[in-house]
Amino acid sequence: MGKFIAFIGPLELKKRNDFYLSLVKSIIGQLLSAKAAATIFSRFVMLTNSLVSPERVLMLSDEALRGISISYQK
């Protein structure tokens, strides 16, 4: 790992203030290409009218989530 770190340099992690939104984005992005995950996440944000919160997500039907390609498991 030391050689990789020396070659790449230090990584800067961006801290996000909205922890729930970050969690949702991570879950959607699992096992998908970056482009597919970005598309699905964009649809998700639109589905919630840009108000991503636990309460808002609980209001969404399973059918609505599957309609934007979010699987039942996610």
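Residues numbered from 1 in each chain as written. Predicted model: local features only at pLDDT ≥ 70, side-chain atom pairs only at ≥ 80, totals over all residues. Heavy atoms only, no water.

## A few points about helix α2 (residues 19-29)
Piece 1. Within the sequence span of α2, burial applies to Ser-22, Val-24 and Ile-28. Taken down its axis, α2 places every buried residue within 160° of arc, on the same side.
Piece 2. In this structure, the buried residues of α2 make contact with α3 (34-47).
Piece 3. Note on α2: the residue one or two positions beyond its end, Leu-31, has a positive phi of about 60°. (Buried < 20%, exposed > 50% of the residue type's maximum accessible area, 1.4 Å probe, protein only. Helix = DSSP H or I, 4+ residues; strand = E, 2+ residues; numbered from the N terminus. Arc of directions from axis to C-beta. Contact = heavy atoms within 4.5 Å.)

## Some points on the packing of α2 against α3
For any two helices packed against each other, one specifies the inter-axial angle together with the distance between the axes.
Piece 1. Contact pair α2 / α3: the axes reach a minimum separation of 9 Å and the direction vectors enclose 135°. Here α2 is positioned oblique relative to α3, judged by the angle of their axes. In this structure, α2 crosses over α3, and the sense of that crossing is right-handed. Here α2 contributes Leu-21, Val-24, Lys-25, Ile-28 and Gly-29 to the contact with α3, which in turn contributes Ala-37, Ile-40, Phe-41 and Phe-44.
Piece 2. Tallied by class, the residues present in the contact of α2 with α3 amount to 7 nonpolar, 1 polar and 1 charged. (Axes fitted to C-alpha atoms, helices over the stretch in contact; angles between N-to-C directions. Parallel < 35°, antiparallel > 145°, perpendicular 65-115°, else oblique. Left-handed = near helix turned anticlockwise from the far one by under 90°. Nonpolar A, V, L, I, M, F, W, Y, C, P; charged D, E, K, R; others polar.)

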